[in-house]
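Spelled out, the chains give:
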Amino acid sequence: MSNLIVANFKMHGSHAFIEDWFTNFNQNKTNSHDVVVALPATYIAAFRDYGIMLSGQNVSAYESGAFTSQISAEMLKDSGADYCIIGHSEAREQLNESNESIREKFDQLKRMQINPIVCVGESLQVKETEKTKDHLRNQLSVLDSETEDLIVAYEPIWAIGTGLVPTEKEIDEAIGSIREIFKKPIKVLYGGSVKASNAQILLDNTDINGLLVGGASLNAQEFAKIAQLC
Ligand code: PEP
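Residues numbered from 1 in each chain as written. Predicted model: local features only at pLDDT ≥ 70, side-chain atom pairs only at ≥ 80, totals over all residues. Heavy atoms only, no water.

- By the naming in an unreviewed UniProt entry, the protein goes by Triosephosphate isomerase and is assigned to SAR86 cluster bacterium.
- Check the Catalytic activity (unreviewed entry) section of the UniProt entry for the protein; it says "D-glyceraldehyde 3-phosphate = dihydroxyacetone phosphate".
- As its UniProt record puts it under Subunit (unreviewed entry), the protein is described as follows: "Homodimer." (UniProt positions renumbered as here; feature names shortened; annotations may be inferred.)

This is the structure in structure tokens:
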């Protein structure tokens, strides 16, 4: 079955780097899952015709107006984005984003027919106090549980960029608690220290529909291996 494999470049790269990356990725990819690349917003338009679906990494909660520095859903759509990550733990923390603002962003994206990828995940402290389920429920409580075409990315904060990966049982418990919130089947991705060496194991042994890959996605060859359909 084809899964959704999302590369999150974060604030890495340059025009030349991304051009090389696409060349390399296309040379190395054989039969791959559905692939989406979340580029820094300034590069989306330049790479819209490279035959790979593109994603934003964030969007404004507002439609338009006096919001210096922000990018609207309409602008992302105009640039060629089909997807947009919202609620990434780095944005929640560094930009002080609330669940309510993530809800507004979700609505803006839906209005422009961009697929939101809503990131959720617990800190180490929440995990250690066994409050992961409540935490995930709270993060997702702002979304309409009947919404169609929802993509949630479960990304435990303690697993992002650390080399630590939850056990398959831990992933399935978290994914199960996310699925039970929604009335319709939804796509749930896992993100946090995914590499070529663990991607297939995670896809085979847990109830996920794909992966969100940060650090390892910057290497086109490695990402091509992660995205390869076995
Ligand atoms: C991320 O930040 O979305 C992520 C999954 O990062 P990494 O793969 O580097 O842990």
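### Focus: the UniProt feature "coiled-coil region" (unreviewed entry) in the protein
- Here the UniProt-annotated "coiled-coil region" (unreviewed entry) positions come out as residues 92–146.
- Secondary structure content for residues 92–146 is 55% helix and 11% strand, while the C-alpha to C-alpha distance between its ends is 24 Å. (Helix = DSSP H or I, 4+ residues; strand = E, 2+ residues; numbered from the N terminus.)

### Describing the packing of helix α6 (residues 132–140) against helix α7 (residues 168–179)
- Following both chains from N to C, one finds α6 and α7 inclined at 35°, their axes separated by 10 Å at the closest point. Remark: the crossing between α6 and α7 carries right-handed chirality. Within the contact between the two elements, α6 uses Lys 133, Leu 136 and Leu 140 and α7 uses Ala 174, Ser 177 and Ile 178.
- For the contact of α6 with α7, the per-class residue count stands at 4 nonpolar, 1 polar and 1 charged. (Axes fitted to C-alpha atoms, helices over the stretch in contact; angles between N-to-C directions. Left-handed = near helix turned anticlockwise from the far one by under 90°. Contact = heavy atoms within 4.5 Å. Nonpolar A, V, L, I, M, F, W, Y, C, P; charged D, E, K, R; others polar.)

### Structural notes on the pattern of salt bridges
- Scanning the model with the defined rule gives 9 salt bridges in all.
- For Glu 63, the salt bridge goes to Arg 111, with nearest N and O atoms at 3.7 Å. Of this pair, Glu 63 sits in the loop between β3 (53–56) and α2 (73–79) while Arg 111 sits in helix α4 (residues 99–111), placing them 48 residues apart in sequence.
- Classification of Glu 63 as partly exposed rests on a relative accessible area of 46%. (Salt bridge = Lys/Arg side-chain N within 4 Å of Asp/Glu carboxyl O. Buried < 20%, exposed > 50% of the residue type's maximum accessible area, 1.4 Å probe, protein only.)

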